[in-house]
2 protein chains.
Amino acid sequence: MSIVVVGSVAFDSLETPAGKRERALGGSANYFSICASMLTKVQLCAVVGDDFPAGHTAWLGQRGIDTSGLLSKTGKTFHWSGRYGTDLNEAQTLGTDLNVFADFDPVLPSSYADARTVFLANIDPDLQRKVLAQVTKPRLIGMDSMNLWINIKRDSLLQTIAMVDILFLNETESRLLSGEHNIVRAARGIQKMSKRALTVVIKRGEYGALLFRPESRIVAVPAWAVEEVFDPTGAGDTFAGGCMGALDRTLEQGRALDDGAWRRAMMTGTVMASFVVEDFGFDRMLKLEPAEVRERGEALRQMTTVEALIDI
Amino acid sequence: MSIVVVGSVAFDSLETPAGKRERALGGSANYFSICASMLTKVQLCAVVGDDFPAGHTAWLGQRGIDTSGLLSKTGKTFHWSGRYGTDLNEAQTLGTDLNVFADFDPVLPSSYADARTVFLANIDPDLQRKVLAQVTKPRLIGMDSMNLWINIKRDSLLQTIAMVDILFLNETESRLLSGEHNIVRAARGIQKMSKRALTVVIKRGEYGALLFRPESRIVAVPAWAVEEVFDPTGAGDTFAGGCMGALDRTLEQGRALDDGAWRRAMMTGTVMASFVVEDFGFDRMLKLEPAEVRERGEALRQMTTVEALIDI
């Protein structure tokens with residue numbers, strides 16, 4: 001029992017105010033897996049071309065990530081190029097060469113079918129549902145999406161949303177999907193689009209994240225204040241990996257997904273994301289120790305804790 | 001013993017997505033006083049023209065605000081016109097008629113001289129220092145400023161900053177003043193501009209606020225998630241009023257300004273600001289009850305509290 005994650009594994013060529021990298025390893029499912037594998041067992045499904053370094057696949061395996069669903073096709077691996085200006089919250093896409101990802105047909109190995117948790121990273125919502133059809137009885141399903149699918153495949157996207165438990169969106173996406181500018185109305189509006197109890201997580205980059213559980217009060221977690229953001233690429237997928245990883249770990253321990261578990265998941269995602277931006281790509285994750293995560297988690301808790309009541 | 005506040009009392013003509021108002025009562029010192037008067041004794045210094053309604057001055061008096069420093073001059077009251085688009089974080093100024101405010105010469109009544117706390121709202125930094133020369137031994141001095149003074153009176157502004165304990169700035173102002181884009185570096189850089197121990201509070205609008213005390217870890221308070229922002233005018237001054245009011249109240253009680261007191265002050269400012277934006281001008285403050293403030297403070301605390309440690 002594990003988290004199955006389906007999304008992209010890619011090369012990223014990117015430039016940030018701190019420097020540039022050509023063809024660094026990236027992709028949503030890659031970032032998600034690398035993070036979540038620190039918390040739980042991960043089964044990865046993605047597609048790469050024959051130019052993909054076998055060494056990376058082997059390294060993912062060494063982290064305990066099941067790569068039997070990492071399909072290799074003849075052709076080139078998905079290649080994204082982008083640039084970040086001083087405002088690190090938003091990337092400017094310079095090029096998107098989908099390559100073998102254009103015909104991605106996610107077929108899960110049979111060993112993935114009994115996954116306890118599923119994360120549908122940002123891919124075509126038709127494919128997201130195709131993945132769901134291949135898992136028998138997941139306890140928890142999370143998903144991400146992007147402006148493109150909201151604009152060109154809205155109906156399909158809504159069908160997928162109606163099947164999941166947790167939707168991760170950034171502020172722009174939540175406004176586009178809901179038609180509401182106010183973020184509370186946007187999130188509550190999106191929850192009403194599903195007949196299922198839908199949790200909406202709004203990612204706000206350097207401002208943190210908001211959690212909207214059904215019929216619950218909002219939870220706000222500010223981002224950890226990072227003094228030098230090297231590269232924000234993968235921060236959102238790493239956040240989701242920490243969040244979903246913590247939730248799956250809670251299920252693994254036979255514990256309920258109660259209010260405390262959700263808050264812990266938000267903190268875990270926030271802390272994991274704060275590390276990944278400290279260096280290029282996922283370099284920071286290579287040497288990240290559980291003790292560092294616990295320590296920053298405690299520091300983040302102290303940053304946001306107010307014991308005293310307002311005296312008025 | 002009290003808070004002396006010096007700043008503007010004005011007419012605001014404004015338009016927000018929720019509606020418009022002509023010549024509503026506004027001004028930084030007005031918003032600050034109305035808020036802080038719920039927490040402590042306030043002594044107001046500002047200038048108005050002979051078109052200013054005596055009824056408002058009388059009403060401020062009824063709230064316990066000392067208006068003996070509210071000077072009346074021949075001429076018109078300061079009049080600001082502005083518009084907010086869908087992005088309520090930033091106002092577009094349509095007109096600034098300084099009128100009698102152009103020659104504002106803050107002369108404090110002698111009864112203000114022994115103020116325990118001083119708040120210098122956004123006025124010319126030369127005048128801010130002139131005010132400080134008229135108070136004998138304040139325990140705590142806070143100040144606000146704006147882009148204009150950073151651009152045209154930087155040296156004077158730095159002289160004022162060197163004399164205060166707390167500086168309130170928004171993100172844009174802190175970047176402009178420090179030359180640093182990263183908000184942590186900006187705040188820490190500004191602290192180094194003063195030889196005194198300087199606390200910097202960064203206001204981030206709907207994203208909340210950050211507290212940088214000298215040699216202390218950062219405190220982050222997210223904004224209360226307001227579903228309908230009617231009018232953000234005065235939110236920053238109301239935030240400062242709640243924050244400074246809570247600190248002055250702590251001093252009044254003979255208690256130390258320790259970590260808990262600062263966190264309580266940030267919460268108080270945040271909650272007060274969340275109320276003022278719920279209606280036009282300061283209409284919401286007219287009927288605001290202490291019990292409502294306490295209740296929302298507790299809800300905000302719950303919104304941000306994470307009991308559980310990260311499990312990794």
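Right above here is the structure, for reference.
Residues numbered from 1 in each chain as written. Chains lettered and ligands numbered in written order. Predicted model: local features only at pLDDT ≥ 70, side-chain atom pairs only at ≥ 80, totals over all residues.

Caption draft 1: Representation of the interface of chain B and chain A within the structure. Counting residues at the interface gives 46 residues for chain B, matched by 46 residues for chain A. Looking at the side of chain B that touches chain A, the elements that each hand over two or more residues are helix H7 (183-191), strand E13 (219-221), helix H8 (235-252), helix H9 (259-276) and helix H11 (290-304) of chain B. It is H11 of chain B that contributes the most residues to the side of chain B that touches chain A, 10 residues altogether. Within the side of chain B that touches chain A, the residues separate by chemical class into 23 nonpolar, 10 polar and 13 charged. (Contact = placed C-beta atoms within 7 Å. Helix = DSSP H or I, 4+ residues; strand = E, 2+ residues; numbered from the N terminus. Nonpolar A, V, L, I, M, F, W, Y, C, P; charged D, E, K, R; others polar.)

Caption draft 2: Molecular detail of the environment of Arg185 of chain B. Turning to its location among the elements, Arg185 of chain B is positioned in helix H7. The class of Arg185 of chain B is partly exposed, set by 16 C-beta atoms lying within 10 Å. Separated by 89 residues in the primary sequence, Arg185 of chain B and Ser274 of chain B have C-alpha atoms spaced 27 Å apart. Each residue touching Arg185 of chain B, except ones within four places of it in the same chain, is listed here: Glu227 of chain A together with Glu180 of chain B. (Buried ≥ 20, exposed ≤ 12 C-beta atoms within 10 Å, placed from the backbone.)

Caption draft 3: Main features of the relation of the copies chain B and chain A. Each copy superposes on the other: chain B lies on chain A with an RMSD of 0.0 Å after a rotation of 180° and an axial shift of 0.0 Å. Within this description, the copies of the chain are treated as partners about a two-fold rotation axis. A shared binding surface is used by both copies, with 100% of the interface residues of chain B retained as interface residues in chain A. (Least-squares fit on C-alpha atoms with pLDDT ≥ 70 in both.)

Caption draft 4: Spotlight on the sheet that holds strand E4 (residues 42-48) of chain B. Residue and element names in this part refer to chain B. What the 9 strands build is an open sheet, ordered E5-E4-E1-E8-E9-E10-E11-E12-E13; its pairing is mixed. The open sheet has two edge strands, strand E5 (65-72) and E13, and neither has a second partner. Neighbour-to-neighbour, the strand axes of this sheet turn through a mean angle of 15°, independent of strand direction. Of the pairings in the sheet, the one linking strand E8 (residues 117-120) to strand E9 (residues 140-144) comprises 4 bridges and is parallel in character. Bridging from a neighbouring strand, Thr117 pairs with Leu140 of E9. In the packing of helix H3 (residues 125-132) onto the sheet, contacts are made with strand E1 (3-6), E8 and E9, and the angle to E8 comes to roughly 165°. (Pairing = 2+ DSSP bridges. Axes fitted to C-alpha atoms, helices over the stretch in contact; angles between N-to-C directions.)

Caption draft 5: Region of interest: the sheet that holds strand E10 (residues 166-170) of chain A. Residue and element names in this part refer to chain A. Pairing in this open sheet of 9 strands is mixed, and the strands run E5-E4-E1-E8-E9-E10-E11-E12-E13 from one edge to the other. Unpaired on one side and paired on the other, strand E5 (65-72) and strand E13 (219-221) mark the two borders of the sheet. Pairwise comparison of adjacent strand axes, ignoring direction, gives a mean angle of 15° for this sheet.

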